[in-house]
Amino acid sequence: MTPITTTAELAVFCDKLKGQPFVAVDTEFMRETTYWPKLCLVQAAAPNGAEACIDPLAEGIDLEPFLTIMRDETVLKVFHAARQDVEIFNNLQAMPRPLFDTQVAGMAAGFGEQIAYDALVRQMLKIELDKSSRFTDWARRPLSDSQLTYALADVTHLARLYPMLRERLEKEGRLAWVTDEMSGLTDPAIYDVDPENAWKRLRPRKHTAKYLAVYKAVAAWRERTAQTRDQPRGRILKDEAIDEIATQAPTDADQLDRLRSVPKGFSGSRFGPDLLAAIREALKDPEAYAPVIERSRTPPSPAAGAVVELLKVLLKARAEEAGVASKLIATVADLEQIANDDETDNAALKGWRREAFGEDALKLKRGELALVLDGARVRVVEVRRAPKAAASGG
């Protein structure tokens, strides 16, 4: 098998993709030692039989013909577990819209939590995938026929899977259930790499201006450094170190070196002076630099932890009844918000999720539902309240 290695060959292939109702897409990339994912291979297949592996590492190749397809909103792009693939195309200014993620769809179709691609192929197509090339170094050249065949199979099977999965969701009235998830995957905000927004991916533990200002500054410094050096964030500084630095707010080398989560001798490294400078800059005016974090309108309930545990049981019961992966309905973070605030702006309290779970979650909190163990299964039953006694006359 020969991959596409020239722009001319790619243009010819992409002409075959134009006008197709959908194209199945997958990528192979490396990022274990880098900040930016290194795109090593692109695979694509369309229902008209057009299929190919594209070598983005080939000398002189311009991916623009394929990126044009990714931007073409008349062609649906089908991925499995699309998040990292979408990140790559977003970095290339080619957000793949519209999009269909077969992993998300599989969750709605009753195939379990985050079903793997090989498991979905096995269950729907009755095909056992060859995994012999699974741990290929995709950056090495040349790639063997077996490696290319393995890579291409990811999209040829995907092109067969998609119509079957879509039809199943349509019959069950669940296609609309995954629409919001698909649009969310192509929201540029979730792929934002602006260093000033890096703190948003983390979980600050305090809300004082001084803590948040340092937290934001250290997260931004780490993001800029990781991008500039093309190294993973964790190799620059661990997440837990950001929290400790924000708590202690060190302003000199001696204070920085006393922190347990900061590598020994960090202040004397090439990173130390720049980090300390970023901290000192943030501390000049913490109130102005600190991000504004929305606080819950309702004070934390002392019983919130117990309520969350009950909501987990309810979620599992309702998900099993509906044949839907519970993660598609609500996350633990959603349950924590619901436990603390009935009016929280939460996806689990909107649309089909409210029907499937959210309304019952609120009823459970109000004591209108009960969870009953029936053998090995949990049943959800309505609680019948005794009528209030009429007031007696004198």
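Remember, it's a predicted structure, so these values are computed and weren't measured experimentally.

## As for the overall build of the protein chain
Link 1 in the chain: Along the protein chain, the regular secondary structure elements total 17 helices and seven strands.
Link 2 in the chain: For the protein chain, the C-alpha atoms occupy an extent of roughly 95 × 65 × 35 Å along the three principal directions.
Link 3 in the chain: Looking at the protein chain as a whole, 46% of its 394 residues are labelled buried.
Link 4 in the chain: A separation of at least 24 residues holds for 61% of the contacts in the protein chain among residues at least 6 apart in sequence.
Link 5 in the chain: Of the roughly 20,800 Å² of accessible surface on the protein chain, 50% is carried by carbon and sulfur atoms.
Link 6 in the chain: Distance between charge centres in the protein chain, computed from 55 positive and 60 negative side chains, equals 4 Å.

## Some remarks on the pattern of salt bridges
Oppositely charged side chains can form a pair if their charged atoms are brought close together.
Link 1 in the chain: With the rule as written, the count across this model stands at 27 salt bridges.
Link 2 in the chain: Ionic pairing is found between Lys18 and Asp15, a salt bridge with its closest N-O pair at 3.1 Å.
Link 3 in the chain: Lys18 gets classed as partly exposed once you look at its relative accessible area, which sits at 48%.
Link 4 in the chain: Where Arg354 meets Glu359, a salt bridge forms, and the shortest distance between an N and an O atom there is 2.8 Å.
Link 5 in the chain: Judged by relative accessible area, which is 27%, Glu359 ranks as partly exposed.
Link 6 in the chain: Three or more residues joined by partner-sharing salt bridges are found here, namely Arg168, Glu172 and Arg174.

## Some details on the pairing of strand S7 (residues 377-382)
Link 1 in the chain: Taken together, the six bridges between strand S6 (residues 369-374) and S7 define a ladder with antiparallel strand orientation. Directly across from Val372, in S7, lies its bridge partner Arg379.
Link 2 in the chain: In this structure, the hairpin formed by S6 and S7 is closed by a connection of two residues, where Gly375 is found at a positive phi of approximately 70°.

## Regarding the packing of helix H8 (residues 209-229) against helix H12 (residues 272-283)
Link 1 in the chain: Axis separation between H8 and H12 bottoms out at 9 Å; the angle between their running directions is 145°. In terms of crossing hand, the pair formed by H8 and H12 is right-handed. Of H12, the residues touching H8 (which contributes Lys210, Ala213, Val214, Ala217, Val218 and Trp221) are Asp274, Leu275, Ala278, Ile279, Ala282 and Leu283.
Link 2 in the chain: Each residue belonging to the contact of H8 with H12 can be placed in one class, and the counts come to 10 nonpolar, no polar and two charged.

## Thoughts on the sheet that holds strand S3 (residues 51-54)
Link 1 in the chain: Sheet architecture is open: five strands sit in the order S3-S2-S1-S4-S5, paired in mixed fashion. The open sheet is flanked by S3 and strand S5 (99-101), the only strands paired with a single partner. The sheet shows a mean angle of 25° between the axes of neighbouring strands, taken without regard to direction.
Link 2 in the chain: Bridge analysis of strand S1 (residues 22-30) against strand S2 (residues 38-45) gives seven bridges, and the strand direction is antiparallel. The partner of Thr27 across the bridge, within S2, is Val42.
Link 3 in the chain: Helix H1 (residues 7-17) contacts S1, S2 and S3 of the sheet and is inclined by roughly 140° relative to S3.
Link 4 in the chain: Against the sheet, helix H3 (residues 83-91) contacts S1, S2, strand S4 (76-79) and S5, and its axis sits at roughly 85° relative to S1.

## Digging into H3
Link 1 in the chain: When we look at burial in H3, the residues that qualify are Asp85, Val86, Glu87, Ile88, Phe89 and Asn90.
Link 2 in the chain: Summarising the contacts, the buried residues of H3 are in contact with S1, S2, helix H2 (64-71), S4, S5 and helix H7 (179-185).
Link 3 in the chain: Count one or two residues on from H3 and you reach Gln93, which has phi positive near 60°.

## Concerning the packing of helix H14 (residues 304-322) against helix H16 (residues 332-340)
Link 1 in the chain: Where H14 contacts H16, the two axes come as close as 9 Å, and the packing angle between them is 125°. By the criterion of interaxial angle, the relationship of H14 to H16 is oblique. With respect to the hand of their crossing, H14 and H16 are arranged in right-handed fashion. Between H14 and H16, the contacting residues are Ala304, Val307, Val308, Leu311, Lys312 and Leu315 on the first element and Val332, Leu335, Glu336, Ile338 and Ala339 on the second.
Link 2 in the chain: For the contact of H14 with H16, the class distribution of residues is nine nonpolar, no polar and two charged.

## Observations regarding the side chain of Asn346
Link 1 in the chain: For Asn346, the position within the fold is in the loop between H16 and helix H17 (351-366).
Link 2 in the chain: Each residue touching Asn346, except ones within four places of it in the same chain, is listed here: Asp334, Gln337 and Ile338.

Reading the values: the criteria
Residues numbered from 1 in each chain as written. Predicted model: local features only at pLDDT ≥ 70, side-chain atom pairs only at ≥ 80, totals over all residues. Heavy atoms only, no water. Helix = DSSP H or I, 4+ residues; strand = E, 2+ residues; numbered from the N terminus. Buried < 20%, exposed > 50% of the residue type's maximum accessible area, 1.4 Å probe, protein only. Contact = heavy atoms within 4.5 Å. Areas by Shrake-Rupley, 256 points an atom, 1.4 Å probe, with all protein chains shown as cover. Lys, Arg positive; Asp, Glu negative; His and termini not counted. Charge placed at Lys NZ, Arg CZ, Asp CG, Glu CD. Salt bridge = Lys/Arg side-chain N within 4 Å of Asp/Glu carboxyl O. Pairing = 2+ DSSP bridges. Axes fitted to C-alpha atoms, helices over the stretch in contact; angles between N-to-C directions. Left-handed = near helix turned anticlockwise from the far one by under 90°. Nonpolar A, V, L, I, M, F, W, Y, C, P; charged D, E, K, R; others polar. Parallel < 35°, antiparallel > 145°, perpendicular 65-115°, else oblique.

Without other data, these values stay purely geometric and don't point to any function.
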